[in-house]
Amino acid sequence: MRTQQGTPIRRDAYQPLAYQVETVDLDFVLDPKATVVSNRMRCVRNPQAAAGPVVLYGEALVCLSVRIDGAAPADGQVRTVEGGLEIDVDADVVVLEIVTRIDPSANLTLSGLYQSRGGYYTQCEAEGFRRITYFPDRPDVMARYTVRLEADAATCPVLLSNGNLLETGTLPGGRHFARWEDPFPKPSYLFALVAADLKALERKVCTMSGREVLLQVWVEARDLDRVGHAMDSLVHSLRWDEEVFGLELDLDRFMIVAVSDFNMGAMENKGLNIFNTKYVLANPDTGTDLDFENVESVVAHEYFHNWTGNRVTCRDWFQLTLKEGLTVFRDQQFTADMMARASDTPAAAASARAVTRIANVRGLRSGQFPEDAGPMAHPIRPDSYQEINNFYTATVYQKGAEVIRMLLTLLGTEGFRNGMDLYFSYHDGQAVTCDDFVGCMAEANGADLDLFMGWYSQAGTPRLKAVGHYDAASRSYALTLSQHTPPTAGQPDKQALHIPVAVGLIGPDGADLPLQLEGEVRSAGTTRVLELKETSRTWRFSGIEAEPVPSILRGFSAPVILEVDEDDARLAFRMAHDSDPFNCWDAAQRYMERVVLALAADAAAGRRLEVPQAFGHAFRALLVNDRLDPGFVAETLALPSETYLLERMQPADPAPLRAALIHVSRELGQALQADLLTRYMDLEVEGEYRYHPADAGRRSLRNLCLRYMMAWGGPTAVQLASLQFRTAGNMTERYGALAALVQSDAPERIEALAAFHERYRDDALVLDKWFQLQAGAWHWSASAPSTLEQVRALMGNPAFSLSNPNKVYALLGGYFKANAAEFHREDGAGYAFWAEQVIALNRSNPQVASRMARALEGWRKFTPEIQVRIRAALETVAAEEGLSPDVAEIVGKALA
Ligand code: B3K
Ligand code: ZN
C-alpha cells in the first residue's frame, strides 16, 4: 500500500480507493501511556473504483482487536502490510470495528495524538490520523464523525472535538466523558480532539443569515489576558468572509485552542482549530506589532479554510495548493483590507495596503525564490514527493497565492468572485483538484486558461525582461517583454507562461502618462495589464511626447524576477516619482541591492568600500519626506534581506556580503545622524498602546532609525536605545530597543539582555524572542563573542528544550536560517553543529528536523570552498542510520 521508503509517490499514480467510509464512531479512553481507541467504521464500496480490499493505513499502533460485521475475521482476511492493514470484503457495505492502543506521552513527533503540558492534543494533517487508528487516511475519503472522549476529570476538565457537543457526564474513579458530533463529512486530516485544563474567552455573534454562533478561544488560565486580540480577529474574519465572498460560518460553535508544543503555526480542524500559542496570545506587554498582525492573519487563514479546504477539500496531497495557495491569498487580501479600513485617510489606506503587499513580496523573495533555485524546486502542484510534510512549502503556499492573485488580476474582482461562487456551487462537499478550481474560473468568465495552467506544472522563477525604445518621430514607445525560465531540478525544459504584467509610463515631470496602445482610439488609464503569453512580444504606446521611464510589474503582478536595465539615476527617479507604491519601494530595493552587492564584491577582492554619494542622497530624500506614511518609509529604507541578497550574489559568499551590509548601515548611520535623530524624536507615539497601522508604522520607522544610529555607534545611540528599553510602554518599543542594543558591544547590551530575561523568565513566547535575537546577532565588532558559542550556551538555558518546536525555530532556526555570515563561518564549525542538531532532532521530531535540514539545501550557490565544507556536513547526516523519510528526502535531494 505504501511504496518502499525512498521511492517517490507520484501524482499521476492516483487511484480512488475500492472502499470509502461513510460514518466513523470513535471512542477514546485517554491515558498518558496507554490510550485505547475504539473505531467503528461503516465502509461502502466505491462504484467508480477498481475492485480491491479495504485499505487502512496505520502507524505506531498496537492492534488489540478487529471485528468485521460483528464477527471475528476469517483466516487471512486481514493482512498486515507495510504501512497498515488490508481487509478482504465481498459485500458492498461492511462495518469494521478496530480497537488499538497508543502511547501519547511517548509521541514526540507531535503528529497524531500527543501530550503537551499535561493535556492531550492532536495534529492529523497530513498523515497523522493513521497514528491514532487504522483508517483510509487520505483526503478523498470524507466521512461523518461522532467522538466519545473519556479522561481524568482533574487534569483534563475540558474535553473537545469537532462539531457540536451532544452530551457530557461523570464516571467513577474521577473520570468524565463528552460526546461530540460533526454534521459535516470531512477527511480524516481535519479530525481533532483536545483534553486539557483550559479556560475559554467566549463571544456570541450573529451570522449573515441571523444564526447565533458561539465563538471560543481556549487557553491556559494564566493566558486569558492575552486572547482578546485573537477573538477580535476571529470576529473580523467571519465578517470579512461574509462580505467579500458571501461565505458564512456553517457550525453553531467555532473553537480555537492554543497549545505550546506545535510543529507549525496552526491547524484548521473542522470547528476546532488548534493553534501554536505564538499565533493566539498577544497583549501590548508581550507582543510586538508584528505579533498582533500575525495573530490576526493566522486566525483569518485558519478560519477561511472552513470553506477553502474543509467544505471543498483536496482529492490528494499533490493538490495542496488548491487549499493553501487560495487561503493564503484570502488571508493576504483580508490583512490588506483590515489595514486599509483602520487607516484615517485614503492616502494612508493606500499606503497601508502597499505595506502589506511589500511584506508578502519580501516573504516570497527571501523564502520562495531560493526554494525555486535549489534542489527542492517544485511546481505549486508537485509531481512527486517522498514525504508530504516536506511539501508544505513557500512554493505551495506563497507562490500558490501569487498564482491565485494573477487570476484576480486577469479576471477582475467580479469575474474572480463569479469563479469562486461557481466553484462552491459545483464542488461543495467534495475532494477536488486544481484543474477543477481553474476550470470554474475559466467557465464563469468564458476565459481560456489553458496556458495559465503552466503555473501549476512548471517549477522555477521566470525571468521577465523588459526593453523599451522611444521613437521621437512617431511619438511612440515600444515595450518588448520577454520571458525565460531557467531549468530546475528534474525539469530541464521550460515553456512560456501566461504572465500578467502591469505597466505604467512616467513622464519627465514625474507624472504618469495616459496610456494608449497602438490601434486604440483613445487613452485609458495610467496602468495597463499586458498579457504576455509568448516568449517575447512588443507593445507600442502612442501619443508619447517625450521619452518616458517605464514602471514594470506594478504591484508585483506576477511572481517573476524582473530584469530591466536601469541606471542609478533612473532608480532614484522612480524612488521619487513612481505612483505605484510597490514599485517605488522596489526601486529603492533594487538600488540598495546594487550598492550592497558591489560593495560585497569589493570586500571579497580586498578593495576599499565606498558608498556612492548619490545613494545617500536618495536614501535621505525618503527619510526626511514626512508626507509619506512612516510605515511605508520604513519598508523602503530597510535593506533587502540577507537571504535574498545571497540568492542574487554569484557565487554567494556570506562573509563579504555581511561586511558590505554592515558598512552600508554604518555609513548611512553616520551620514544621516542628524536626520535620523530628528525623525527618531518626531516619531514617538504618545498615549496608550493600540494595534493600529498608523502607530505601528511610526514605531517601525522609529526602531529602524535607532538601528541605523546604533550601526554608526557612539554613546548617543546607546543611550537612546537604553532609555527606550527602560521606558518602553509596550513590547514593540522594548524589543526594538533590545534589537538595536544587541548590535553594540557596550555594557548596556549585556544589561538589557539580562533585564529582559529576568522580566520574562516564565514567559515561553517572549523568551523565544530573546533566544532568536541572540541567535541572529551580527558580529558588529571584533570584540564580540562568536554567535555559535552563544547559541551553544543558550541551549543550556533551562528554558530551552529541543522538544519544543518554537524553541528550536527561535534558537537553531535563528542561527541556521537568519544569520548566514555566522553560520557559514570559515572553520566549518557552524556546519558541524548543524549536523549534530539535525541528527538529534531526527530521532524525536522528523518534521522539525527536516525544517532545520533545509537550511543547507541551497549549498550549490556558494563559493567552491564553502561547498566543500557543506558537502561534508550533508554527507554526515546522509550516512546516519535510521534517518526519517523527512530528513532523508532533503539531504538526498541536496546531494543528488
Ligand atoms: N493546514 C495546516 C498545515 C499542516 C502542516 C502539516 N505538516 C495549516 C495551514 O496551512 O493552515
Ligand atoms: Zn493553510
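For the rest of this paragraph, the subject is the overall build of the protein chain. Tallying secondary structure elements over the protein chain gives 26 helices and 30 strands in all. With respect to the principal axes defined by its C-alpha atoms, the protein chain has extents near 85 × 70 × 60 Å. In the protein chain, buried positions account for 59% of the 896 residues. Look at the contacts in the protein chain between residues 6 or more apart in sequence, and 71% of them connect residues 24 or more apart. On the protein chain, roughly 33500 Å² of surface is accessible, and the fraction owed to carbon and sulfur atoms is 50%. Averaging the coordinates of the 87 positive side-chain charges in the protein chain and doing the same for the 117 negative ones gives two points 1 Å apart.

Our next topic: the pattern of salt bridges. For side chains bearing opposite charge, pairing can occur when the charged atoms are close. The final tally for this structure, using the stated rule, is 70 salt bridges. For arginine 79, the salt bridge goes to aspartate 88, with nearest N and O atoms at 2.6 Å. By relative accessible area, which is 35% here, aspartate 88 ends up partly exposed. The partner of glutamate 520 in a salt bridge is arginine 528, with the nearest N and O atoms 2.4 Å apart.

Our next topic: helix H1 (residues 228-245). Structural remark: α-helix, 3.6 residues per turn; residues separated by three or four positions point the same way. Spanning 18 residues, H1 covers 25 Å between terminal C-alpha atoms, matching the ideal 26 Å at 1.5 Å per step. Here H1 has its buried residues at His229, Ala230, Met231, Ser233, Leu234, Val235, Ser237, Leu238, Trp240, Asp241, Glu242 and Phe245. Tucked inside the fold, the buried residues of H1 contact strand E16 (199-206), strand E17 (212-219), strand E18 (253-259), helix H2 (289-304), helix H3 (320-342) and helix H5 (394-427). Glycine 246 sits one or two residues past H1 and shows a positive phi near 65°.

Reference values for angles at a metal are 109.5 degrees in the four-donor tetrahedral case and 90 or 180 degrees in the six-donor octahedral case. The protein atoms that coordinate the zinc ion (ligand 2) are His301 (NE2), His305 (NE2) and Glu324 (OE), at distances spanning 1.9 to 2.0 Å. Written as a sequence motif, the donor arrangement for the zinc ion (ligand 2) is H-x3-H-x18-E. Note that histidine 301 is positioned in helix H2 and glutamate 324 in helix H3, a separation of 23 residues in sequence. Across this residue pair, the class does not change: histidine 301 and glutamate 324 are buried.

What follows covers the sheet that holds strand E9 (residues 112-116). Strand order across the open sheet formed by four strands is E9-E10-E15-E12, with antiparallel pairing between neighbours. What marks the edges here is a single partner per strand, and that holds for E9 and strand E12 (158-161). Here the average twist between neighbouring strands, direction ignored, is 20°. In the sheet, E9 pairs with strand E10 (residues 119-123) via five bridges, with the strands oriented antiparallel. Within E10, the position partnered with serine 116 by the bridge is glycine 119.

Glancing now at the pairing of strand E24 (residues 463-471). Summarising the sheet, E24 and strand E25 (residues 476-484) pair through nine bridges and their orientation is antiparallel. Residue pairing across strands places arginine 463 opposite histidine 484, the latter belonging to E25. Hairpin remark: E24 followed by E25, antiparallel, with four residues in the connecting loop; positive phi at arginine 475, about 50°. Looking at chain direction, E24 and strand E30 (residues 561-564) are connected through four bridges and run parallel. Following the sheet pairing, arginine 463 is matched in E30 by isoleucine 561.

For the rest of this paragraph, the subject is the packing of aromatic side chains. Overall, the coordinates contain 38 aromatic pairs when judged by the stated rule. Consider the rings of tryptophan 240 and phenylalanine 334, whose centres lie 5.9 Å apart with planes at 85°: the pair is edge-to-face. Taken as a pair, tryptophan 240 in helix H1 and phenylalanine 334 in helix H3 lie far apart in primary sequence, 94 residues in all. A single burial state applies to tryptophan 240 and to phenylalanine 334, both of which are buried. On the basis of an interplanar angle of 65° and a centroid distance of 6.4 Å, the ring pair of phenylalanine 245 and phenylalanine 416 is categorised as edge-to-face. Taken as a pair, phenylalanine 245 in helix H1 and phenylalanine 416 in helix H5 lie far apart in primary sequence, 171 residues in all. An identical accessibility class is assigned to phenylalanine 245 and phenylalanine 416; each is buried. Here the aromatic cluster, defined as three or more aromatic residues joined through ring pairs, consists of Trp240, Phe245, Phe254, Tyr303, Phe304, Phe329, Phe334 and Phe416. Looking at arginine 130, its charged tip hangs above the ring of tyrosine 57, at a distance of 4.2 Å from the centre. Sitting over the ring of tyrosine 735, lysine 769 keeps its end group 5.9 Å from the ring centre.

The rules we used
- Residues numbered from 1 in each chain as written.
- Chains lettered and ligands numbered in written order.
- Predicted model: local features only at pLDDT ≥ 70, side-chain atom pairs only at ≥ 80, totals over all residues.
- Heavy atoms only, no water.
- Helix = DSSP H or I, 4+ residues; strand = E, 2+ residues; numbered from the N terminus.
- Buried < 20%, exposed > 50% of the residue type's maximum accessible area, 1.4 Å probe, protein only.
- Contact = heavy atoms within 4.5 Å.
- Areas by Shrake-Rupley, 256 points an atom, 1.4 Å probe, with all protein chains shown as cover.
- Lys, Arg positive; Asp, Glu negative; His and termini not counted.
- Charge placed at Lys NZ, Arg CZ, Asp CG, Glu CD.
- Salt bridge = Lys/Arg side-chain N within 4 Å of Asp/Glu carboxyl O.
- Expected span 1.5 Å × (residues − 1).
- Donors = N, O, S within 2.8 Å, 3.2 Å for Na, K, Ca; no water.
- Pairing = 2+ DSSP bridges.
- Axes fitted to C-alpha atoms, helices over the stretch in contact; angles between N-to-C directions.
- Phe/Tyr/Trp six-rings, centres within 6.5 Å; stacked < 30°, edge-to-face > 60°.
- Lys NZ or Arg CZ within 6 Å of the ring centre and 35° of its normal.

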